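Each chain, written out:
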Amino acid sequence: MRPIIGVSGKLVNHPNPGSPIGCFLAAGYTNGLAEAGGIPFIIPYLEKEEDVRDLAHRLDGLLLSGGVDITPTSFGEQPVPGLGEICPERDWIEAILFDEMQKQGKPVFGICRGMQVINVYLGGTLYQDLDSQKDGELVQHDQRAPHWYAAHHVTLTPDTTLHRLFEGRDRIGVNTFHHQAVRDLAPGLVATAVADDGVIEAYERKEGPYLLAVQWHPELMWHKDRSFLALFRSFVEACQQR
């Protein structure tokens with residue numbers, strides 16, 4: 001049986017006035033999971049916690065996708081001027097989904113915003129806005145190039161899952177579309193990729209259920225560079241094995 005994997009999406013308004021609010025998810029996520037052997041399921045914006053938890057029980061894994069900023073009160077801070085759009089409904093539903101996945105010992109994969117929210121849920125903190133909060137010269141983290149293009153490089157940590165997935169390469173090129181990032185890594189997580197300016201670009205959990213997260217967007221890259229499909233395959237395999 002192919003594992004059923006829930007994927008979070010963006011809460012959006014339909015362009016036609018008076019039309020209902022709905023959920024949007026870029027096809028690269030769902031097609032990447034399907035290519036890797038999973039059955040993707042886009043998670044609806046349910047309103048009752050019991051319904052969200054009941055849905056989580058029926059999933060084999062959870063992919064937390066990219067999107068808008070995280071409410072800073074989630075990690076004990078007040079908003080700074082550089083904070084972008086937030087979505088309290090998404091913060092709420094993803095927190096419940098992640099909590100239920102952890103209780104059930106199910107695999108979780110985070111991409112961009114997903115990487116940031118997992119770190120917060122586990123007790124870490126974020127830069128609300130890199131340009132205004134991080135010292136030193138930064139690489140460009142919001143690229144002005146095609147979405148699939150590897151705009152900057154990251155250094156991979158040896159002897160980690162990520163290092164093995166990229167066949168032992170020490171550096172890889174990645175795409176980048178973010179202004180928030182992990183600041184203090186949550187307990188139990190290990191940084192597995194770092195940009196040249198010191199920004200953590202990936203992490204994993206050494207012990208416990210499968211958990212891996214990346215700051216870049218492999219769902220936009222794997223069609224052009226199949227090596228990035230390894231991230232989806234590793235996650236789907238973990239869901240299958242469970």
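The notes below deal with the structure included here. Since we're looking at a predicted model, the values are computed, not measured.

1. Looking at the packing of aromatic side chains
Tallied over the full model, the rule gives six aromatic pairs. Ring geometry for F109 and F235: centres 5.6 Å apart, planes at 50°, overall tilted. On the criterion of sequence distance, the pair formed by F109 in strand β6 (residues 108-111) and F235 in helix α7 (residues 229-241) is long-range, its members being 126 residues apart. Taking the relative accessible area as the measure of exposure, F235 reaches 0% and is therefore buried. Geometrically, the ring pair formed by W148 and Y149 is edge-to-face, given 6.1 Å between the ring centres and 80° between the ring planes. The structure contains a cluster of three or more aromatic residues connected by ring pairs, namely F109, Y210, F232 and F235.

2. With respect to the pattern of salt bridges
Within the structure shown, the criterion is met by 11 salt bridges. Between D54 and R58 there is a salt bridge, with its nearest N and O atoms 2.5 Å apart. Overall, the relative accessible area of 56% leaves R58 in the exposed class. As a salt-bridge pair, D91 and R113 come within 2.8 Å of each other at their nearest N and O atoms.

3. Describing a nonpolar patch on the surface
A surface patch of nonpolar side chains, about 220 Å² in accessible area, is lined by I4, I39 and F41. By secondary structure assignment, the location of F41 is in strand β4 (residues 39-42).

4. Looking at the state of the cysteines
Applying the stated criterion across every chain yields a total of zero disulfides. Cysteine C87 shares no disulfide, and the gap to the nearest cysteine sulfur, in C23, comes to 9.8 Å. Of the residues examined, C87 reaches a relative accessible area of 9% and is grouped as buried. This cysteine, C112, is not joined by any disulfide, and C87 carries the nearest cysteine sulfur, 15 Å off. Judged by its relative accessible area of 5%, C112 is buried.

5. A short note on the pairing of strand β5 (residues 61-64)
Of the two faces of β5, the one holding G61 and L63 and the one holding L62 and L64 are both buried throughout. For the segment spanning β5, helix α3 (residues 88-104) and β6, crossover handedness is right-handed.

6. Points about the packing of helix α1 (residues 27-35) against α7
Two elements in contact, α1 and α7, have axes separated by 8 Å at closest approach and are oriented at 65°. Our pair here, α1 against α7, has a crossing hand that is right-handed. Packed against α1, whose contacting residues are G28, Y29, G32, L33 and E35, the element α7 presents L229, F232, F235 and V236 at the interface. Within the contact of α1 with α7, the residues separate by chemical class into six nonpolar, two polar and one charged.

7. Structural notes on the environment of T125
Topologically, T125 is positioned in the loop between α4 (113-121) and β7 (126-127). C-alpha separation for the pair T125 and F235, spaced 110 residues apart in sequence, amounts to 25 Å. Beyond its immediate stretch of four places on either side in the chain, T125 contacts F75, N119, A181, V182, R183 and D184. There is a polar contact of 2.7 Å between the side chain of T125 and the side chain of D184.

8. Some thoughts on the sheet that holds β6
One open sheet holds the nine strands; their spatial order is β4-β1-β5-β6-β13-β12-β11-β8-β9, and the pairing between them is mixed. Both outer strands of the open sheet, β4 and β9 (171-174), are each paired with one neighbouring strand and no more. The mean inter-strand angle of the sheet, taken between neighbouring strand axes irrespective of direction, is 25°. Seen against the sheet, α3 touches β5, β6, β12 (200-205) and β13 (211-214) and runs at an angle of roughly 145° to β5.

9. Here we look at unusual backbone geometry
Notably, C112 is not glycine yet its phi reads approximately 55°, a positive angle. Here C112 is to be found in the loop between β6 and α4. Backbone geometry places D159, a non-glycine residue, at a positive phi of 60°. Along the chain, D159 turns up in the loop between β8 (152-156) and α6 (161-165). For D159, a relative accessible area of 63% puts it in the exposed group.

Rules and cut-offs
The residue numbering used here restarts from 1 in each chain and proceeds along that chain's sequence as written. A pLDDT threshold of at least 70 governs which residues receive local features in this predicted model, and a stricter bar of 80 or more applies before side-chain atom pairs are shown or counted, although totals over entire chains, interfaces and linings include all residues. To obtain the side-chain values, all non-hydrogen atoms of the structure were used and water was disregarded. Aromatic pairing here means that ring centres of Phe, Tyr or Trp (its six-membered ring) are within 6.5 Å. Orientation follows from the plane angle: under 30 degrees is stacked, over 60 is edge-to-face, and everything else is tilted. Helix and strand definitions here come from DSSP, where helices need a minimum of 4 consecutive H or I residues and strands a minimum of 2 consecutive E residues; each element is numbered from the N-terminal end. Burial status follows relative accessibility: with a 1.4 Å probe on protein chains alone, a residue under 20% of its type maximum counts as buried, one over 50% as exposed, and anything between as partly exposed. We count a salt bridge whenever a side-chain nitrogen from Lys or Arg sits within 4 Å of a carboxyl oxygen from Asp or Glu. Each patch is built from residues lacking any salt bridge and having more than 30% relative accessible area; the joining distance is 9 Å for like charges and 5 Å for nonpolar side chains (Val, Leu, Ile, Met, Phe, Trp, Tyr). Note on areas: Shrake-Rupley, 1.4 Å probe, and residue coverage restricted to the protein chains presented here. When two cysteine sulfur atoms lie within 2.5 Å, the pair is treated as a disulfide. By the criterion used throughout, a crossover qualifies as right-handed when its path from the first strand across the helix to the second strand runs clockwise, the strands pointing away from the viewer. Only C-alpha atoms enter the line fits that serve as axes; for helices the fit covers just the stretch in contact. Angles between N-to-C directions range over 0 to 180 degrees. What makes a crossing left-handed is the near helix being turned counterclockwise from the far one by less than a right angle; a clockwise turn instead makes it right-handed. The criterion used for residue contact is that any of the two residues' heavy atoms lie within 4.5 Å. All residues other than Ala, Val, Leu, Ile, Met, Phe, Trp, Tyr, Cys, Pro, Asp, Glu, Lys and Arg, Gly among them, are scored as polar; the first ten of these are nonpolar and the last four charged. Here a polar contact is recorded for every N or O atom pair within 3.5 Å, except that within protein the pair must consist of a potential hydrogen donor and a potential acceptor, and residues adjacent in sequence are included only if both atoms are side-chain atoms. Strand pairing requires that DSSP identify at least two bridges connecting the strands.

Coordinates in, geometry out; function isn't part of it.
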